[in-house]
Amino acid sequence: MTSKSATVRPEAHLGHTMKPRQLTMMGLGSAIGAGLFLGSGAGVHAAGPAVLVSYLVAGTLIILVMWALGEMAAANPTSGAFSVYAERALGKTAGATVGWLWWLQLVVVIAAEALGAAGLLFTVWPVIPVWALALIFMVVFTAINLTGVRNFGEFEFWFAILKVLAIVLFLAVGAALLLGFLPDVASPGLANITSDFAPAGLGGIATALFVVIFAFGGTEIVAVAAAETEDPEHSVGRAVRTVLWRILVFYIGSVFVIAAVLPINSDGLASPFAGVLDAARIPGAGTAITLVAVVALLSALNANLYGASRMVYSLAERGEAPRFLSRLSGASVPMIAVGVSVAFGFFATVLELLFPDRILPALFQLVGSTCLVVWGTALVSQLILRRRADRDGTRLPLRMKGFPGLTGFGLVLLALIFAVGFSAESSRVQLLSTFALVACLAAACWLGARVAARERQPK
């Protein structure tokens, strides 16, 4: 969304071999992970069936954000994505701040996905301890990310296909259970939803909202991957449209089934998909879906490690991170960036060893509201860059419909989410912590730019 041609690629030395189908499934792979398979149970526990309101609000917001990002990514495919767009719209400090914030968010999510997958696998195969399984997962997926974007994309494609099929089967079983079609199994009907829709009131919805936002976090990785995709002008728009409707169907449908089948105080909410299938009395189904959930979490880990490495690579390319992070391997992979991004995950496994069953909940709590800052920045950037492009007569391959009304509605919805968040003590602390983190990152980025500018001046 600048005066440059839409075909200009700032990172021309990265590979551009990812297929459109791989881009689409990567968007699903990064979003259908711990947030759905584990976080959905936490959301129901916090808000009861009213968690559906949280999903609808967050789902509407992510639709608007993804359309805005799709417009910018189709015009300027870059591995820095919304960080680059924020820099062009709001200045270098804003761009660097949102880039580092998203990178921190993803490295935390990488650890959460690894620990979540390990915890689920341990429930059906209690042989290797959770921390050791998490360590094995991160070593394996670090190696996959180092093999090149073509192999990575194909691996992610088939991983995502498997979990999409599993969710479709889960929805079919859930519908049969609720409609009373399963032999010798009494249907719970809709009593759980109609009897006490919002047992915790607005506070419960607010608490669940930040769990839900964590669940949708990572969908924006489609904009990052556009830089290494064939024909981004067309593939990005297709990927955005496909990812959005599939995520909404899968999330809203799955959570509706979970809320209808499992009461708010059910032990099955710890692993809600398995809990529903156990209630349906399908032999071995609970174990099978648990294994699928492990695959889903590992798929999300795979995609998020890719996104984190590309973001810090872009920051290094722009002088906002140490230059050595932009070094590429022979397969056009930023090897050091991958290693730095996964390092926190290794550290988290040590913490899990020292403090069992306490690290994963803390990680979920930490990253929820950072998504809101990233999404808000993306909407503001699109508002500014779209007006600039229209003023300059710049051709845009993909144009967000309903502009500027829908972009403005997204910002209003975001403001309301912040207001609701401040009404609950748990989310208020999270928001204040996020604001403090953003302020510290902005100050560090501004000081770093000043120091770099002085060093460049002739002595």
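Fair warning: this is a prediction, and the values are worked out from it, not measured in the lab.

Rules of the game
Residues numbered from 1 in each chain as written. Predicted model: local features only at pLDDT ≥ 70, side-chain atom pairs only at ≥ 80, totals over all residues. Heavy atoms only, no water. Helix = DSSP H or I, 4+ residues; strand = E, 2+ residues; numbered from the N terminus. Buried < 20%, exposed > 50% of the residue type's maximum accessible area, 1.4 Å probe, protein only. Contact = heavy atoms within 4.5 Å. Areas by Shrake-Rupley, 256 points an atom, 1.4 Å probe, with all protein chains shown as cover. Lys, Arg positive; Asp, Glu negative; His and termini not counted. Charge placed at Lys NZ, Arg CZ, Asp CG, Glu CD. Core = buried A, V, L, I, M, F, W, Y, C linked by side-chain atoms within 4.5 Å. Axes fitted to C-alpha atoms, helices over the stretch in contact; angles between N-to-C directions. Parallel < 35°, antiparallel > 145°, perpendicular 65-115°, else oblique. Left-handed = near helix turned anticlockwise from the far one by under 90°. Expected span 1.5 Å × (residues − 1). Nonpolar A, V, L, I, M, F, W, Y, C, P; charged D, E, K, R; others polar. Phe/Tyr/Trp six-rings, centres within 6.5 Å; stacked < 30°, edge-to-face > 60°. Lys NZ or Arg CZ within 6 Å of the ring centre and 35° of its normal. Salt bridge = Lys/Arg side-chain N within 4 Å of Asp/Glu carboxyl O. Patch = residues over 30% accessible without salt bridge, like charges linked within 9 Å, V, L, I, M, F, W, Y side chains within 5 Å. pLDDT = per-residue confidence, 0-100.

1. Things to note about the overall build of the chain
The helix and strand inventory of the chain stands at 19 helices and zero strands. With respect to the three principal axes, the spread of C-alpha positions in the chain is 80 × 50 × 40 Å. Here the chain holds 459 residues, and the buried ones make up 57% of them. Contacts spanning at least 24 positions in sequence make up 82% of the contacts within the chain whose residues lie at least 6 apart. As presented, the chain carries roughly 17,500 Å² of accessible surface, and 68% of it is formed by carbon and sulfur atoms. Measuring between centres, the 29 positive side-chain charges of the chain sit 10 Å from its 23 negative side-chain charges.

2. Some thoughts on the nonpolar core
Judged by nonpolar contacts, the single largest core of 149 residues is most densely connected at Leu61, Phe82, Ile213, Phe216, Leu372 and Trp375. Broken down by element, the residue count for this core peaks at 19 residues, all from helix H14 (residues 285–317).

3. Considering the environment of Pro322
Among the structural elements, Pro322 can be located in the loop between H14 and helix H15 (335–354). Owing to a relative accessible area of 41%, Pro322 belongs among the partly exposed residues under this scheme. Put simply, Pro322 and Trp245 are 77 residues apart on the chain and 39 Å apart in space, counted from C-alpha to C-alpha.

4. Considering the packing of helix H4 (residues 51–75) against helix H10 (residues 201–216)
In contact at an axis separation of 8 Å, H4 and H10 are set at 45 degrees when each is read in the N-to-C sense. Overall, the two elements H4 and H10 adopt an arrangement that is oblique. Judged by the sense of rotation from one axis to the other, the crossing of H4 with H10 is right-handed. Together, Val51, Val53, Ser54, Tyr55, Val57, Ala58, Gly59 and Ile62 of H4 and Ile205, Ala208, Leu209, Val212, Ile213 and Phe216 of H10 make up the contact between the two elements.

5. Side note on helix H19 (residues 425–456)
Between its first and last C-alpha, H19 extends 47 Å over 32 residues, near the 46 Å set by a 1.5 Å rise per residue. Along H19, the residues that are buried comprise Ser427, Gln430, Leu431, Thr434, Val438, Leu441 and Cys445.

6. Quick word on the packing of helix H18 (residues 405–423) against H19
H19 packs onto H18 with a crossing angle of 120 degrees between their chain directions and a minimal axis gap of 5 Å. Relative to H19, the element H18 is oriented oblique. Residues Phe418, Gly421, Phe422 and Ser423 of H18 touch H19, and the partners they reach there are Glu425, Ser427, Arg428, Leu431, Leu432 and Phe435. Class assignment of the residues belonging to the contact of H18 with H19 gives a composition of five nonpolar, three polar and two charged.

7. Here we look at the packing of aromatic side chains
Following the criterion strictly, the structure yields 13 aromatic pairs and no others. Aromatic pair Phe141 and Phe155: ring centres 5.9 Å apart, planes at 75 degrees, arrangement edge-to-face. In this pair, Phe141 is assigned in helix H7 (residues 130–145) and Phe155 in helix H8 (residues 149–179), connecting sequence segments 14 residues apart. You can call Phe141 buried: its relative accessible area is 3%. Classification of Phe155 by relative accessible area gives partly exposed; the value is 30%. Measuring from ring centre to ring centre gives 5.1 Å for Phe157 and Trp158, while their planes differ by 85 degrees; the resulting arrangement is edge-to-face. Taken together through their ring pairs, the aromatic side chains of Tyr55, Phe216 and Tyr251 make up a single cluster. Over the ring of Phe157 we find Arg21; its NZ or CZ atom is 4.5 Å from the centre of that ring.

8. Some details on the environment of Thr349
Summarising the element assignment, Thr349 is placed in helix H15. On the accessibility criterion, Thr349 (4% relative accessible area) is buried. Taking C-alpha positions, Thr349 is 30 Å from Ala206, a pair spaced 143 residues apart along the chain. Ignoring sequence-local partners within four residues, the contact set of Thr349 consists of Leu115, Trp131, Ala134, Leu135 and Met138.

9. Comments concerning helix H3 (residues 39–47)
Most of H3 is tucked away: seven of the nine residues are buried. Along H3, the residues that are buried comprise Gly39, Ser40, Gly41, Gly43, Val44, Ala46 and Ala47. In the stretch just after H3, Gly48 is the one whose phi turns positive, near 70 degrees.

10. So, the pattern of salt bridges
Summed over the entire model, instances satisfying the criterion amount to eight salt bridges. Its salt-bridge partner being Arg310, residue Glu228 comes within 2.8 Å of it at the nearest N-O pair. Of this pair, Glu228 sits in the loop between helix H11 (221–225) and helix H12 (232–261) while Arg310 sits in helix H14, and the two are 82 residues apart along the sequence. By relative accessible area, which is 1% here, Glu228 ends up buried. Owing to a relative accessible area of 1%, Arg310 belongs among the buried residues under this scheme.

11. Re a nonpolar patch on the surface
Residues Trp131, Leu135, Val139, Val350, Leu353, Leu354 and Phe355 make up a contiguous nonpolar surface patch of roughly 590 Å² in combined accessible area. Structurally, Trp131 can be placed in helix H7. Of the residues examined, Trp131 reaches a relative accessible area of 31% and is grouped as partly exposed.

12. Looking at the confidence of the model for the chain
In low-pLDDT regions, the fine details of the predicted coordinates are not to be read closely. The pLDDT averaged across the chain works out to 85; a share of 92% of its residues lies at or above 70. Element-level pLDDT for the chain is lowest in helix H16 (residues 359–367), with a mean of 63, against a maximum mean of 96 in helix H5 (residues 81–90). Note on residues 2–12: pLDDT is under 50 here. Beyond four places in sequence and across chains, it has 30 contacts.

13. A few points about unusual backbone geometry
Generally, phi is negative for residues other than glycine and the peptide bonds are trans, each holding for most cases. Cis rather than trans, the peptide bond between Phe403 and Pro404 has omega equal to 0 degrees. Tracing the backbone shows Pro404 in the loop between helix H17 (370–392) and H18. At Arg281, a position not held by glycine, the phi torsion is positive, near 55 degrees. For Arg281, the position within the fold is in the loop between helix H13 (272–279) and H14.

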